[in-house]
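# Close look at the chain arrangement
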Amino acid sequence: MSPVTFLAFFSIYFSVILSFPPVQAACTSEQQQAILDRHNFHRGGHGSPPLSTSSSIVSVAQAYADKLAASGKFEHSGNHKYGENLYAGGNLVAGIDFFYDEKSQYPGPYGSEPSMANFGAWGHYSQLVWKGTTGVGCGCADYQAGQYQKVLVCNYEPPGNFGGAYGENVLAPIE
């Protein structure tokens, strides 16, 4: 390869590489802590014990956040090993409040099995406060395509939202 050909190739290669925006590799440690704190703030308001972060769950959540960000899609993974909440927006910590704000749609009454007719309107909320869940791992990524800016994937262990268990796991807000 002649020096001119090499320089032309080199120039084109780096022009293409540099034209793609950088991908955020993961949630920063500050984001992870803020997301965990926000989960535990809302859970505490229902008498649910605090969650701890699991690095193995973070890895699963991060891999799926990266996949969504690269594809421009926004859809659940279908992984039933964990509970899963997704949020797309600019402020990922605010996503936890978004999940909690579904509380107004929870059909109740607390202490019993809710109607599942409108589960899509409150299922993130019930997973967030699910008393039996003890671990969480969240992944963050910047979308490279599509209509969204950032994505947050939170996986929960053990998963919540099991029929027959709402009464003992989705507790009424503490007044």
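Everything numeric here is computed off the predicted structure, so don't read it as measured data. (Residues numbered from 1 in each chain as written. Predicted model: local features only at pLDDT ≥ 70, side-chain atom pairs only at ≥ 80, totals over all residues. Heavy atoms only, no water.)

### A word on the layout of surface pockets
As a volume, the largest pocket reaches approximately 330 Å³. Residue lining of the largest pocket: 18 residues in total, with His76, Gly83, Glu84, Phe119 and Asn161 positioned closest to the centre. Secondary structure elements with two or more residues in the lining of the largest pocket: β2 (83–89) and α5 (123–129). Class assignment for the residues of the lining of the largest pocket results in four nonpolar, 13 polar and one charged. (1 Å grid on protein atoms, 1.4 Å probe; cavity = no way out; pocket = protein on both sides within 12 Å on 5 of 7 lines; lining within 4 Å. Points joined across faces, edges and corners; volume = space filled by probe spheres on them. Helix = DSSP H or I, 4+ residues; strand = E, 2+ residues; numbered from the N terminus. Nonpolar A, V, L, I, M, F, W, Y, C, P; charged D, E, K, R; others polar.)

### Describing the pattern of salt bridges
This model, assessed by the stated rule, comprises two salt bridges. Residues Asp97 and Arg38 are paired through a salt bridge, measuring 2.7 Å at the closest nitrogen-oxygen approach. With Asp97 in helix α4 (residues 92–100) and Arg38 in helix α2 (residues 29–44), the pair connects residues that are 59 residues apart, well separated along the chain. We note a salt bridge from Asp142 to Lys150, for which the minimum N-O separation is 2.9 Å. On the basis of relative accessible area, Asp142 is assigned to the buried category, the value being 18%. (Salt bridge = Lys/Arg side-chain N within 4 Å of Asp/Glu carboxyl O. Buried < 20%, exposed > 50% of the residue type's maximum accessible area, 1.4 Å probe, protein only.)

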